[in-house]
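What the coordinates show
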Amino acid sequence: MAAITMKNIVKKYGDGFPAVNDVSIDVQDGEFMILVGPSGCGKSTLLRMIVGLEDITDGDMVIGERRVNDLAPRERNLAMVFQNYALYPHLTVYENIAFPLRLAGASDEEVDQKVRDASKTLELDEHLERKPGNLSGGQRQRVAMGRAIVRDADAFLFDEPLSNLDAKLRGQMRTEIARLQKRLGITTVYVTHDQTEAMTLGDRVAVLKRGVLQQLASPRELYTNP
Ligand code: ADP
Ligand code: ADP
């Protein structure tokens with residue numbers, strides 16, 4: 001059973017040409033799926049339909065065994081990791097990671113257990129009392145992922161998380177994200193317009209052009225048969 005099944009997904013904004021046009025993609029449990037294509041090809045729109053931030057015009061969005069077309073974002077149990085990390089600058093790393101648990105009304109004991117487990121996995125346990133402003137880019141990225149982990153989200157969704165970074169840092173963070181994704185084994189959908197990211201990060205790559213799925217293959221297959 002696929003973790004996320006997109007079946008004949010269509011998105012129309014107004015009367016124009018569809019932004020996403022009859023796209024079908026199955027993301028397997030634990031898979032790292034890349035959505036790649038030039039600006040305007042519809043990859044953000046597709047990601048936003050997975051997470052529930054955009055209405056689906058036609059088709060079925062299935063997460064696990066649930067059709068989620070009409071479910072609000074918070075009912076889908078997915079974790080969007082935003083480009084700017086959306087961390088709270090005045091809160092410590094600990095409280096940033098704890099934030100979704102506090103919102104959900106978790107006990108102090110549960111919060112503590114989950115934050116400490118997540119920070120160990122993410123190698124943040126020595127930085128729990130620091131504030132985001134004093135962290136490196138890679139550490140901030142991990143805090144953002146920690147926030148998703150403590151919620152036991154079914155999948156991570158990334159929308160161009162590295163596009164504002166310089167080339168060197170981008171390379172380092174790419175390696176880090178790939179390593180953590182494999183360690184956590186969490187289903188991931190990652191949007192990028194960057195060919196290098198597409199060819200190095202994912203298990204499979206979905207290539208979009210003008211809203212249409214052009215190819216869906218492993219990086220190796222794409223490399224030998226572009
Ligand atoms: P990408 O993420 O690949 O750059 P988008 O999903 O942002 O592409 O956009 C796909 C198409 O849908 C583009 O033609 C864009 O102009 C259009 N589009 C995106 N968002 C909106 C919106 N809120 N209203 C109208 N058109 C939109
Ligand atoms: P870590 O692996 O410890 O999380 P990074 O891979 O993020 O660190 O950072 C590696 C290098 O990039 C370090 O020298 C760090 O100072 C630098 N660096 C980290 N974040 C930024 C940033 N936002 N802008 C510029 N340089 C950064």
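In case you missed it, the structure is sitting above this.
Heads up: these notes are all about the structure in this document. Remember, predicted model here, so these are calculated numbers, not experimental data. (Residues numbered from 1 in each chain as written. Chains lettered and ligands numbered in written order. Predicted model: local features only at pLDDT ≥ 70, side-chain atom pairs only at ≥ 80, totals over all residues. Heavy atoms only, no water.)

**Some details on the environment of Ser39**
Relative to the helices and strands, Ser39 resides in the loop between β3 (32–36) and α1 (43–51). By relative accessible area, Ser39 is classed as exposed at 74%. In the structure, Ser39 is positioned 173 residues away from Val212 in sequence and 13 Å away in space, judged by C-alpha atoms. (Helix = DSSP H or I, 4+ residues; strand = E, 2+ residues; numbered from the N terminus. Buried < 20%, exposed > 50% of the residue type's maximum accessible area, 1.4 Å probe, protein only.)

**Quick notes on the site of ligand 1**
Around ligand 1, the neighbouring residues are Tyr13, Ala19, Pro38, Ser39, Gly40, Cys41, Gly42, Lys43, Ser44 and Thr45. Cys41 has a polar backbone atom sitting 3.1 Å from an oxygen atom of ligand 1. One of the side-chain N or O atoms of Lys43 is found 2.9 Å from an oxygen atom in ligand 1. Taking 560 Å² as the accessible area of ligand 1 by itself, protein coverage stands at 53%. Per-class residue counts for the shell around ligand 1 are four nonpolar, five polar and one charged. (Near = heavy atom within 4 Å. Polar contact = N/O pair within 3.5 Å; in protein donor to acceptor, adjacent residues only side chain to side chain. Areas by Shrake-Rupley, 256 points an atom, 1.4 Å probe, with all protein chains shown as cover. Nonpolar A, V, L, I, M, F, W, Y, C, P; charged D, E, K, R; others polar.)

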